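Structure assessment
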Amino acid sequence: MDELENKVAVITGAASGIGRGMAEAFADAGMRVVLSDVEEAALHSTTGDLRDAGANVHAVVADVSEAEDVTSLADSALKKYGAVHVLCNNAGVYAGSKPSWESTLDDWAWILGVNLMGVVHGIRAFLPAMIEQDEEAHIVNTASVAGLMTGGSLYGATKSAVVALSETVHLELVDGGFKPRVSVLCPGLVDTNIFHSQRNRPARFADAGPWPRDWSVEAARRAFKLGLSPRSVGEEVVRAMREERFYVLTHPEWTEHLKHRTARILNGENPTLLPPPGS
Ligand SMILES: NC(=O)c1ccc[n+]([C@@H]2O[C@H](COP(=O)([O-])OP(=O)(O)OC[C@H]3O[C@@H](n4cnc5c(N)ncnc54)[C@H](O)[C@@H]3O)[C@@H](O)[C@H]2O)c1
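Residues numbered from 1 in each chain as written. Predicted model: local features only at pLDDT ≥ 70, side-chain atom pairs only at ≥ 80, totals over all residues.

Brief notes about the overall build of the protein chain
A tally of regular secondary structure across the protein chain gives 8 helices and 7 strands. For 279 residues, the compact-globule estimate of 2.2 N^0.38 gives 19 Å, and the protein chain sits close to it at 18 Å. Principal axes of the C-alpha set define a box for the protein chain whose edges measure 50 × 40 × 30 Å. Taking contacts inside the protein chain between residues at least 6 apart in sequence as the whole, the part at least 24 apart equals 75%. (Helix = DSSP H or I, 4+ residues; strand = E, 2+ residues; numbered from the N terminus. Rg over C-alpha atoms; globule rule 2.2 N^0.38 Å. Contact = placed C-beta atoms within 7 Å.)

Remarks on the environment of L78
With respect to the helices and strands, the residue L78 is situated in helix 3 (residues 67-81). Here L78 falls in the partly exposed class, since 17 other C-beta atoms lie within 10 Å of it. Along the sequence, L78 and T158 sit 80 residues apart, while their C-alpha atoms lie 29 Å from each other. The residues touching L78, leaving out its near neighbours within four places in the chain, are V84 and A129. (Buried ≥ 20, exposed ≤ 12 C-beta atoms within 10 Å, placed from the backbone.)

Overview of the site of the ligand
Around the ligand lies a shell of 30 residues, among which G13, G17, A91, G92 and T192 are the nearest. In terms of residue count, helix 1 (residues 17-28) provides more of the shell around the ligand than any other element does, 3 residues in total. By residue class, the composition of the shell around the ligand is 12 nonpolar, 15 polar and 3 charged. (Near = placed C-beta within 6 Å. Nonpolar A, V, L, I, M, F, W, Y, C, P; charged D, E, K, R; others polar.)

Here's the deal with the pairing of strand 5 (residues 138-142)
A large share of strand 5 lies buried, amounting to 5 of its 5 residues. Going residue by residue along strand 5, you find H138, V140 and T142 tucked away on one face and I139 and N141 tucked away on the opposite face as well. Looking at chain direction, strand 4 (residues 86-89) and strand 5 are connected through 4 bridges and run parallel. Bridged to V86 within strand 5 is H138. Two elements, strand 5 and strand 6 (residues 181-186), share 5 bridges in a ladder whose sense is parallel. Bridged to T142 within strand 6 is L185. (Pairing = 2+ DSSP bridges.)

Things to note about the environment of A41
For A41, the location among the structural elements is in helix 2 (residues 40-52). Here A41 falls in the exposed class, since 9 other C-beta atoms lie within 10 Å of it. Placed 26 residues apart in sequence, A41 and A15 show a C-alpha to C-alpha distance of 8.8 Å.

Some points on the nonpolar core
Among the nonpolar cores identified, the biggest contains 70 residues, and A9, V10, I11, A23, V33, L35 and V237 are the most heavily contacted of them. For this core, the element with the highest residue contribution is helix 4 (residues 105-133), accounting for 9 residues. Ignoring sequence-local partners within four residues, the contact set of V33 consists of A9, I11, A23, F26, A27, A55 and V57. (Core = buried A, V, L, I, M, F, W, Y, C linked by C-beta atoms within 7 Å.)

Digging into the environment of F126
Assignment of secondary structure puts F126 in helix 4. Owing to 24 C-beta atoms within 10 Å, F126 belongs among the buried residues under this scheme. C-alpha of F126 to C-alpha of L78: the two residues are 48 residues apart in sequence and 9.6 Å apart in space. In contact with F126, other than residues within four places in its own chain, are A74, V84 and L87.

Structural notes on helix 2
Between its first and last C-alpha atoms helix 2 spans 18 Å; for 13 residues at 1.5 Å apiece the expected length is 18 Å, and the two agree. Of all the residues in helix 2, the buried ones are L43, T46, T47 and L50. One side of helix 2 carries all its buried residues, which in axial view fall inside an arc of 100 degrees. Opposite the buried face of helix 2, at more than 90 degrees from it, the exposed residues are A41, G48 and D52. (Expected span 1.5 Å × (residues − 1). Arc of directions from axis to C-beta.)

Concerning unusual backbone geometry
Backbone geometry places N6, a non-glycine residue, at a positive phi of 70 degrees. Within the secondary structure, N6 is located in the segment before strand 1 (8-12). Take N6: there are 12 C-beta atoms within 10 Å of it, and that puts it in the exposed class. Of note in the backbone geometry, S153 takes a positive phi value of approximately 55 degrees without being a glycine.

So, the sheet that holds strand 5
What the 7 strands build is an open sheet, ordered 3-2-1-4-5-6-7; its pairing is parallel. Two strands lie at the open edges of the sheet, namely strand 3 (57-61) and strand 7 (247-249), each paired on one side alone. Averaged over all adjacent pairs, the angle separating strand axes in this sheet is 15 degrees, with direction ignored. Sheet topology note: the strand 6/strand 7 ladder contains 3 bridges and is parallel. Within the sheet, the bridge partner assigned to L185 lies in strand 7 and is V248. Seen against the sheet, helix 2 touches strand 2 (32-37) and strand 3 and runs at an angle of roughly 175 degrees to strand 3. (Axes fitted to C-alpha atoms, helices over the stretch in contact; angles between N-to-C directions.)

Spelled out as C-alpha cells, the structure:
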C-alpha cells in the first residue's frame with residue numbers, strides 16, 4: 001500500500017506508547033486517523049495534541065476485549081470517514097511474568113481478552129468492510145518479539161497466538177484474491193507505559209495473586225528507557241505497509257535468539273533461553 005495520503009487508519013491502544021507513535025507517523029504521512037483507547041482522558045489528550053499539530057483525527061473510546069465496543073468503533077470510523085484503509089490492532093497489556101501455574105484465572109482472562117480477543121474482534125468487525133471496499137488496505141497486528149521466542153510467560157503465549165493468527169489471515173486473504181494485506185509487528189523493548197498496564201485492569205479481573213518475588217518496577221522502568229522510541233516504531237510500520245512486508249521486526253539484537261529457537265526446534269532439542277541482549 002504505497003499511497004497513504006488521505007487514507008483512513010484506525011488504531012486501538014492509540015492513547016499511549018506504540019499506538020500513539022503510529023498515529024503520529026500516519027498523520028505525518030497525510031492520513032486521517034481514528035484513535036481508539038479504553039483510557040478516555042489519555043485518549044482525548046493524545047487526540048488533542050495531534051489535532052493541534054494539524055492532523056485530521058477522530059477519537060472513539062472502546063475496550064477491545066468487548067466485541068460490541070469494537071463493532072461500534074468500526075461503525076463510528078465508517079460514519080466519520082466513509083472507509084477504513086488501515087487497521088492497527090495494537091492495544092495490549094502485560095500481566096507480569098509469574099510461573100504459569102501461579103498466574104490467576106483473572107490474569108489469563110484479562111490478558112487473553114485484550115491481547116488476543118482484541119485482535120480477533122478487530123478482524124471480525126473491520127475486515128469484511130475492508131474486503132468489500134475492494135481497495136488497497138492493510139491490517140497491522142501488534143504482537144512482540146516475545147511471540148517469536150521461547151518463554152515470555154502468559155504474555156508470550158498471547159503474542160505467539162497473535163503471530164499465528166496474523167499468518168493465517170494473511171494466507172486467507174492472498175489465497176482468496178482479496179486486496180487487504182497484513183503485517184505483524186514484533187518489537188523488542190519500546191519506551192512506553194506497558195509496565196503500568198494495571199491502570200486499565202478491570203475490577204472484574206482484580207485477582208492478580210501474589211506479585212512475583214523478583215519484580216522491580218524501577219528496574220523495569222530503567223530497562224524500558226533503553227528501548228526504542230514509539231515514534232520510530234510508527235515510522236517502521238509506515239515503511240512496512242508501503243513495502244507490503246508481513247514480519248515487522250524492529251530490534252536486530254534479538255536475531256540470535258530467534259535463530260537459537262529455530263535451530264533447537266529443527267534439531268529436536270529441548271528449549272533453552274539465551275541471556276537477553278546486552279546482559
Ligand atoms: N513496549 C514494549 O516494549 C512492547 C514490545 C513489544 C510489543 N508491545 C506491544 O505494543 C502494544 C502497545 O503497548 P505499549 O507498549 O505502547 O503500551 P502502553 O501501555 O503505552 O499503550 C497501550 C495502550 O493500550 C490501551 N489499552 C489497554 N487495555 C485496553 C483495552 N482493553 N482496550 C483498548 N485499549 C486498551 C492502554 O490504555 C494504552 O493506551 C501492546 O500490544 C504491547 O503488547 C510492546
